[in-house]
Amino acid sequence: ISIMMLDGQNENVAEYIARRKARHQSSRLLEKFHENPYTNAVLASNAAAAEALGIDFECNVDFQSGALKLSECCIIINEMLKKSCADAHDYDGERRIRFTATSTPETVTFESIYTAVLPEEEKWTLKGKSTAEILSRFFDDTTDDTPSALANTEAIVERYSGHLNISGTDDSTIIRAVVNL
């Protein structure tokens, strides 16, 4: 505002303030996501990160955690949304994330649908490979120690005999974690 005034653009100040007010009134950060303040904090911080990256963020969270600890719910939500934000940020085109968390008496389902293209898996063939390349592939003792972006989520889902999967369409990726109660 002060720069506008120094530049002699006083007539633009009122319009700028009105736009800022309108944007904050429709901000996802001001909506109530869930009845639990801890869950709300995780959702709001990830909504703020998405908004800062220019990603449209929508959320529908209505679940009863049952036997699932609240801390475990927060970890799952946080990891899924952080991965969604990172992948959606790298997407060329309209960026969006739709996150839902629902429950039944038997399960809690967390789902994040976001704009991103699934990376193609490396296809390895014997064609054109030397004997040394083939043998090195089978006797290579190096390991990838890079932790998965969903490592804690995977551990929690396994502990409850649930399942975690990542699938996709042409322009969207879906992460779904189902925890059995």
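Remember, predicted model here, so these are calculated numbers, not experimental data.

Chemist: Just checking my understanding: could you explain the pairing of strand β3 (residues 107-115) for this structure?
Modeler: For a regular strand, the rule is simple: side chains alternate between the two faces of the sheet. By the criterion of burial, β3 is predominantly enclosed, with 8 of the 9 residues buried. Pairing analysis gives 7 bridges linking strand β2 (residues 96-103) to β3, with the strands arranged antiparallel. When the sheet's bridge partners are listed, Thr102 is paired in β3 with Thr109. Connecting β2 to the next strand, β3, in antiparallel fashion are 3 residues.

Chemist: Would you mind showing me how to read unusual backbone geometry here?
Modeler: Excluding glycine, residues mostly have negative phi values, and the peptide bonds linking residues are mostly trans. Positive phi, normally seen in glycine, also occurs at Ser161, with a value near 55 degrees. Using a relative accessible area of 57% as the deciding quantity, one classes Ser161 as exposed.

Chemist: What's the story with the packing of aromatic side chains in this structure? I'm lost.
Modeler: Per the counting criterion, the structure on display carries 1 aromatic pair. For the pair Phe63 and Phe110, a centre-to-centre distance of 5.7 Å together with 70 degrees between the ring planes defines the contact as edge-to-face. Placement of the pair is Phe63 in the loop between β1 (56-62) and α4 (70-89) and Phe110 in strand β3, with a sequence separation of 47 residues. In this pair, the class of Phe63 matches that of Phe110, namely buried.

Conventions and cut-offs
Residues numbered from 1 in each chain as written. Predicted model: local features only at pLDDT ≥ 70, side-chain atom pairs only at ≥ 80, totals over all residues. Heavy atoms only, no water. Buried < 20%, exposed > 50% of the residue type's maximum accessible area, 1.4 Å probe, protein only. Helix = DSSP H or I, 4+ residues; strand = E, 2+ residues; numbered from the N terminus. Pairing = 2+ DSSP bridges. Phe/Tyr/Trp six-rings, centres within 6.5 Å; stacked < 30°, edge-to-face > 60°.

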